[in-house]
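Chains, contacts and geometry: an overview
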Amino acid sequence: MLKAESPKKFDLVVIGGGPGGYVASIRAAQLGWKVACVEKEPVLGGTCLRVGCIPSKALLESSERFVEAREDLAAHGIKVGGVELDLARMMKRKDEIVRVLTLGIDALFKKNKVVRVRGQGRLAGGGKVIVEGEGEAVDLAARHILIASGSRSASLPGVVVDHDRIATSTEALAYPGVPQHLVVIGAGAIGLELGSVWSRLGAKVTVLEYLDRILPGMDAEIASEALKSFKRQRLAFRLGARVRGARAEGSGCVVEVEGTSPVECDRVLVAVGRVPCTEGLGLESAGVKTDANGRIVVDERFATSVEGVYAIGDVIGGAMLAHKAEEEGIACVERLVTGFGHVDYQAVPNVVYTQPEVASVGRTEEELRETGVGYKKGVFPYRANGRARCLGHTEGMVKVLADAKTDRILGVHILGARAGDLVAEAAVAVAFSSSSEDVARACHAHPTLAELLKEAALAVDGRAIHA
Ligand code: NAD
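Residues numbered from 1 in each chain as written. Predicted model: local features only at pLDDT ≥ 70, side-chain atom pairs only at ≥ 80, totals over all residues. Heavy atoms only, no water.

Moving on, we come to the pairing of strand E1 (residues 9–15). For E1, the tally of buried residues reaches six of seven residues, placing the bulk of the element in the interior. The pairing of E1 with strand E6 (residues 138–147) spans six bridges and is classified as parallel. Within the sheet, the bridge partner assigned to Phe 10 lies in E6 and is Ala 142. Of the strand pairs in this sheet, E1 and strand E2 (residues 35–39) are connected by four bridges, and their pairing is parallel. (Buried < 20%, exposed > 50% of the residue type's maximum accessible area, 1.4 Å probe, protein only. Helix = DSSP H or I, 4+ residues; strand = E, 2+ residues; numbered from the N terminus. Pairing = 2+ DSSP bridges.)

This paragraph deals with the packing of aromatic side chains. Going through the model one piece at a time under the given rule, you end up with one aromatic pair. Aromatic pair Tyr 175 and Trp 198: ring centres 5.2 Å apart, planes at 45 degrees, arrangement tilted. Separated by 23 residues along the polypeptide, Tyr 175 in the loop between helix H5 (169–172) and strand E9 (181–185) and Trp 198 in helix H6 (residues 189–200) bring together distant segments of the chain. Considered together, Tyr 175 and Trp 198 belong to a single accessibility category, that of buried residues. When the ring centre of Trp 33 is taken as reference, the NZ or CZ atom of Arg 143 above it lies at 5.1 Å. (Phe/Tyr/Trp six-rings, centres within 6.5 Å; stacked < 30°, edge-to-face > 60°. Lys NZ or Arg CZ within 6 Å of the ring centre and 35° of its normal.)

Close to the ligand lie 24 residues, the nearest being Glu 193, Glu 209, Val 243, Gly 273 and Val 351. Note that an oxygen atom of the ligand is positioned 3.2 Å from one of the backbone N or O atoms of Ala 189. Val 351 has a polar backbone atom sitting 2.6 Å from a nitrogen atom of the ligand. About the coverage of the ligand: the protein hides 80% of its 850 Å² of free accessible area. Contributions of two or more residues to the shell around the ligand are made by H6 and strand E10 (204–209). For the shell around the ligand, the element with the most residues is H6, which contributes three residues. (Near = heavy atom within 4 Å. Polar contact = N/O pair within 3.5 Å; in protein donor to acceptor, adjacent residues only side chain to side chain. Areas by Shrake-Rupley, 256 points an atom, 1.4 Å probe, with all protein chains shown as cover.)

In this section: the sheet that holds strand E13 (residues 252–257). Hydrogen bonding along the main chain pairs the strands of a sheet, whether they run parallel or antiparallel. On the basis of which strands lie adjacent, the open sheet formed by three strands has the order E12-E13-E14 and antiparallel pairing. Pairing within the sheet leaves two strands with one partner each, and these edge strands are strand E12 (243–249) and strand E14 (263–265). Strand after strand, the sheet turns through a mean of 20 degrees between neighbouring axes, direction not considered. Relative to E13, E12 runs antiparallel, the two being bridged by six bridges. Residue pairing in the sheet places Val 243 in a bridge with Val 257 of E13. (Axes fitted to C-alpha atoms, helices over the stretch in contact; angles between N-to-C directions.)

As enumerated under the stated definition, the model contains 31 salt bridges in all. Note that Glu 249 is salt-bridged to Arg 247, the shortest N-O span being 2.8 Å. Exposure remark for Glu 249: the relative accessible area of 43% places this residue in the partly exposed category. We classify Arg 247 as partly exposed; its relative accessible area is 34%. Note that Arg 441 is salt-bridged to Glu 437, the shortest N-O span being 2.4 Å. With Arg 441 and Glu 437 both in helix H13 (residues 436–441) and four residues apart, this pair spans about one turn of that helix. The partly exposed category is assigned to Glu 437, whose relative accessible area is 28%. Taken together, the shared-partner salt bridges connect Asp 219, Glu 221, Glu 365, Arg 369, Lys 377 and Lys 399 into one network. (Salt bridge = Lys/Arg side-chain N within 4 Å of Asp/Glu carboxyl O.)

When you tally the buried positions in E10, you get five out of six residues, the bulk of the element. Bridging between E9 and E10 involves five bridges; their strand directions are parallel. The partner of Val 184 across the bridge, within E10, is Val 207. You can see the chain leave E9, run along H6 and come back into E10, and the turn it takes is right-handed. As paired elements, E10 and strand E11 (residues 236–239) share four bridges and run parallel to each other. (Right-handed = clockwise from strand over helix to strand, strands pointing away.)

Residues Leu 123, Leu 140 and Ile 147 are the most contacted members of the largest nonpolar core, which totals 53 residues. Judged by nonpolar contacts, the second largest core, of 37 residues, contains Val 51, Met 90, Leu 192 and Ala 203. (Core = buried A, V, L, I, M, F, W, Y, C linked by side-chain atoms within 4.5 Å.)

With respect to the element layout, Glu 357 can be found in strand E19 (residues 357–362). Nearest to the buried, unbridged Glu 357 among oppositely charged side chains is Arg 418, at 4.5 Å. From its side chain, Glu 357 meets the backbone nitrogen of Ala 419 in a polar contact 3.2 Å long. Looking at Glu 357, its side chain comes within polar contact range of the main-chain nitrogen of Gly 420, at 2.8 Å. Setting aside anything within four residues of it in sequence, one finds Glu 357 in contact with Val 351, Val 352, Ile 414, Leu 415, Gly 416, Arg 418, Ala 419, Gly 420 and Asp 421. (Lys, Arg positive; Asp, Glu negative; His and termini not counted. Contact = heavy atoms within 4.5 Å.)

Now the structure itself:
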């Protein structure tokens with residue numbers, strides 16, 4: 001925390017203490033810079049740690065265990081009786097995970113001598129940031145300013161969010177009880193992850209999606225297989241359903257869908273994307289340009305239209321992912337300090353933590369077809385992998401797309417257990433321009449799920465061994 005006697009001149013002032021901002025702060029400090037990080041929330045970690053990635057993963061894990069204990073352990077020869085949900089305990093565990101991790105960032109700041117400043121940061125021109133919090137405003141002088149203010153849930157016209165019955169992911173991470181009927185608007189990562197949690201815990205869940213598919217942007221074949229699996233898990237889907245409005249009525253809610261009858265439920269989760277947080281930053285008066293979607297415009301150095309002011313993460317263009325923000329924060333800072341630093345966006349993976357998980361890196365089949373790139377395809381099913389059988393997770397597949405001429409891996413798409421972990425090897429392969437032959441010839445331990453990628457790489461050349 002900044003104390004009265006603390007220095008107020010910094011090499012770098014970062015606005016935002018989420019994964020983009022706190023990682024950039026630490027990296028700049030490692031490189032010898034004097035850094036301050038401004039955060040308006042009482043804890044560091046941003047949306048990801050406080051009300052996003054981490055608490056949702058905690059609940060996904062717990063709810064998966066609940067289903068496993070009730071339905072799946074019998075197949076292992078384990079008899080379990082009287083399995084009951086203790087939602088309060090589940091929520092407490094989630095909160096404790098968040099608490100420990102956010103405190104961990106404080107410890108990292110201390111270790112790296114990053115000064116944490118509590119309050120809302122605003123550009124005041126001439127390399128100055130004014131921080132307004134509960135007490136007196138603090139002026140910070142910065143040689144460089146990095147905006148990493150993140151994003152917030154997008155709203156939908158006609159949908160009156162009351163943060164109770166009609167709410168966003170923040171509230172859906174802390175419902176006091178299991179809804180009877182939860183309507184989820186939007187079949188993206190948030191809708192599917194939180195829809196899965198509450199469905200597993202006993203809610204009837206209906207997902208309303210405007211498009212004729214789920215998971216826009218992901219490989220279509222993988223998304224279509226994922227949809228079949230989610231339906232088998234009792235999640236109900238209405239695709240091509242455009243929500244026109246939602247309101248609380250009586251003791252429930254009514255959701256209006258274009259062209260069909262309204263849907264009644266007791267809770268609504270609005271998960272139709274996110275928008276950049278740019279309010280209160282003083283962007284306009286400072287002359288920082290934003291695009292038509294409200295995102296800050298930056299060049300390849302993450303420099304904004306104002307000299308000395310940079311931006312990264314959800315507040316600029318591209319995928320709204322914590323790890324993309326982290327990469328950008330590091331690249332931006334390293335470039336400022338050393339002259340080198342860049343992000344290989346083709347190698348940024350994307351993971352949805354449902355069961356089965358969905359993970360991808362590189363280009364989809366649709367993108368390759370649209371751009372006329374010749375490709376070869378290798379697919380390997382989970383059911384043919386020994387470890388997957390032992391785990392009892394035989395749903396899904398790994399798909400490798402390689403350049404038809406050079407064999408360079410262009411994309412890897414995975415549906416199945418631990419896909420989010422498996423995609424790491426694929427990301428390294430894409431980052432190092434590996435061929436499918438490279439991956440196929442690398443020895444993978446047996447029996448592991450990792451062999452799925454090796455076999456899919458072998459399948460590119462029609463020589464998978466186990467299928
Ligand atoms: P999203 O953009 O991924 O999906 C929103 C969905 O809502 C789309 O499919 C869209 O067609 C649909 N939609 C929009 N308007 C609609 C309407 N009127 N009626 C019905 N459907 C409508 O958004 P999200 O799931 O809210 O996620 C927001 C961001 O956060 C994304 O960038 C996502 O990548 C990121 N995120 C990532 C993860 C992860 O990596 N696991 C988890 C959560 C969020």
